[in-house]
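Structural description and commentary
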Amino acid sequence: MTSRTGFFALSAVLLLVAVLCVGEGVQLIATGKPLGIGLGVCAFVIPAIGVWFLRQTVRFGRASERMARELEAEGGLPVDELRRTPGGRIDRASADEVFARRQEEAESAPGDWRVWFRLAVAYADAGDTPRARRTMQHAIRLHAASVPAPVAG
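Read on for an overview of the structure. (Residues numbered from 1 in each chain as written. Predicted model: local features only at pLDDT ≥ 70, side-chain atom pairs only at ≥ 80, totals over all residues. Heavy atoms only, no water.)

**Describing the side chain of Ser 94**
With respect to the secondary-structure elements, Ser 94 resides in helix H3 (residues 92-108). Once residues lying within four places of it in the same chain are set aside, the contact partners of Ser 94 are Glu 81, Leu 82 and Arg 83. (Helix = DSSP H or I, 4+ residues; strand = E, 2+ residues; numbered from the N terminus. Contact = heavy atoms within 4.5 Å.)

Here it is in structure tokens:
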């Protein structure tokens, strides 16, 4: 199963659970008892948080894919230059070398979303997923700021 298929399967399950949870919340509120009303309200809030998180994740993925396509069209996608172990794992020293280069690029051009995108990939290759995500979010903000706004006519 690809990661995209898994994502869509889990998203469908999340939405199904949200619908079921809201239904239970309605029934709890209908009891008219304070405890039932409190639990019913929680049954509305928790799915809302889950759906918000799902929406943010989809927006992040779409923006990342859009930027990757744009970089690919420009010929600026990072090339896989990492050494690998016989088992296929990324060699840590190789990832650190590439990361150091990408970090220098980002420091020399702090306003260019392209270098931040490549730095996010280097973070991911180095195994630092939280920093990879934050760096990609920074690249997305820079990219959004660099796209000219449509002219209203």
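**Some remarks on a nonpolar patch on the surface**
A contiguous nonpolar surface patch, about 540 Å² in accessible area, is contributed by Val 26, Ile 29, Ile 37, Val 41, Phe 44, Val 45 and Ile 49. Secondary structure elements with two or more residues in the nonpolar patch: helix H1 (3-30) and helix H2 (34-74). Residue contributions to the nonpolar patch peak at 5 residues, all from H2. For Ile 29, the position within the fold is in helix H1. Assessed through its relative accessible area of 32%, Ile 29 is described here as partly exposed. (Patch = residues over 30% accessible without salt bridge, like charges linked within 9 Å, V, L, I, M, F, W, Y side chains within 5 Å. Areas by Shrake-Rupley, 256 points an atom, 1.4 Å probe, with all protein chains shown as cover. Salt bridge = Lys/Arg side-chain N within 4 Å of Asp/Glu carboxyl O. Buried < 20%, exposed > 50% of the residue type's maximum accessible area, 1.4 Å probe, protein only.)

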